[in-house]
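Okay, here's what each chain looks like letter by letter:
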Amino acid sequence: MTDQNLIYTGKAKDLYRTDQPGILKMVYKNQATAGNGAKKEEIPGKGVLNQAINQLIFTYLAEAGIPTHLVEVLNAREELVKEAQMFPLEVVFRNYAAGSFVKRLGVEKGTPIEDGVLEFFYKADALNDPFINDDDIRFLQVATEAELQEIKALTRRINTLLVDLFKQAGLILVDFKLEFGRTAAGEIVLADEFSPDNARLWDVETKASFDKDIFRNDEGDIIPFYEAVLSRLEALTQA
Ligand code: UDP
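Everything numeric here is computed off the predicted structure, so don't read it as measured data.

Is there a simple way to explain the side chain of E179 in this structure?
Structurally, E179 can be placed in strand β12 (residues 171-183). There is a polar contact of 3.0 Å between the side chain of E179 and the side chain of K123. A polar contact is formed between the side chain of E179 and the side chain of K177, at a distance of 2.7 Å. If sequence neighbours within four positions are ignored, E179 has contacts with M86, L89, E90, K123, V189, L190, A191 and D192.

See the structure below:
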């Protein structure tokens, strides 16, 4: 496949057109970024780990009835996905206070959030991905009312499923970010990826981070922690 087929290059993944209509190829990269690209580094092995973790999570969610864009895994770095028109939204769900929530609301890191909090950030690099609410989404015509409600309901269902999965793996799902798209057939699908790059996972016992916060905070090599997340999840699915 030539680079002519490259239709999107992101921070952690590239997307290519394929010979099949409605099907794209997603390729995981080793790049890690933080602070909207301010900190950037190549981390050998990260792409393969993220894809493996993502495959496990997306398969688990699909089996539970969540529509996802994943069609087929080709190899350790590449997968086929349904082409979808992406909603320019980062859908963040929080079970415990961390990150920007702590800074914005002045609450203590680790404070449990009963019933969780769902937040939207508008994907617009020039604006630094601002926090927006449902009315902003309606004003921007980023999604219809029905789509907005569906995205919220899917996110809460995904949270319930993943809190349970990670609990069995000895990890607390603190928060995470999802992205959704709409296929040509009009189906809303979970797209992008779910990995320790876009979720906070704390060890149940030690409360140590097993996610990108290690990179964000310059606390050493993320690879052993991503490997541990994968092996703990694999141990569950193989049990
Ligand atoms: N997140 C993400 N991409 C972003 C911003 C946040 O994947 O561009 C994830 C992040 O990994 C965390 C959750 O969304 O799991 C909430 O992030 P937060 O708003 O606390 O911002 P951060 O502390 O990452 O700047």
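What follows continues from the structure just given.
I tried to follow the packing of helix α4 (residues 145-168) against helix α6 (residues 223-238) on my own but got confused; where do I start?
In helix packing, the relevant descriptors are the interaxial angle and the interaxial distance, both defined with respect to the helix axes. Direction vectors running N to C along α4 and α6 enclose 95°, while the axes themselves pass 9 Å from each other. Between α4 and α6, the crossing angle belongs to the class labelled roughly perpendicular. Taking contact as the criterion, the partners of L165, F166 and Q168 in α4 are, on α6, V229, L233 and L236. Residues of the contact of α4 with α6, tallied by class, amount to five nonpolar, one polar and no charged.

So what exactly am I meant to see when it comes to the nonpolar core here?
Nonpolar side chains tend to gather and get buried jointly when the protein is soluble and globular. In this structure, I57, F120, L162, F166, F180, F194 and L233 are the most contacted members of the largest nonpolar core, which totals 48 residues. By residue number, the principal contributor to this core is α4, which donates seven residues. With five residues, the next largest nonpolar core counts L15, L24, M26 and V81 among its residues.

It is not clear to me how the site of the ligand should be interpreted in this structure. Could you clarify?
Taken together, the neighbourhood of the ligand is formed by 14 residues, with R94, S100, D175, R200 and R216 sitting nearest. Note that an oxygen atom of the ligand is positioned 2.6 Å from one of the side-chain N or O atoms of R200. Between the ligand and R216, the relevant distance is 2.8 Å, taken from an oxygen atom to a side-chain nitrogen or oxygen of the residue. For the ligand, whose free accessible area comes to 500 Å², the fraction covered by protein is 77%. Of all the secondary structure elements, the ones that give two or more residues to the shell around the ligand are β9 (89-96), α2 (99-105), β12 and β14 (199-203).

Cut-off values and rules
Residues numbered from 1 in each chain as written. Predicted model: local features only at pLDDT ≥ 70, side-chain atom pairs only at ≥ 80, totals over all residues. Heavy atoms only, no water. Helix = DSSP H or I, 4+ residues; strand = E, 2+ residues; numbered from the N terminus. Polar contact = N/O pair within 3.5 Å; in protein donor to acceptor, adjacent residues only side chain to side chain. Contact = heavy atoms within 4.5 Å. Axes fitted to C-alpha atoms, helices over the stretch in contact; angles between N-to-C directions. Parallel < 35°, antiparallel > 145°, perpendicular 65-115°, else oblique. Nonpolar A, V, L, I, M, F, W, Y, C, P; charged D, E, K, R; others polar. Core = buried A, V, L, I, M, F, W, Y, C linked by side-chain atoms within 4.5 Å. Buried < 20%, exposed > 50% of the residue type's maximum accessible area, 1.4 Å probe, protein only. Near = heavy atom within 4 Å. Areas by Shrake-Rupley, 256 points an atom, 1.4 Å probe, with all protein chains shown as cover.

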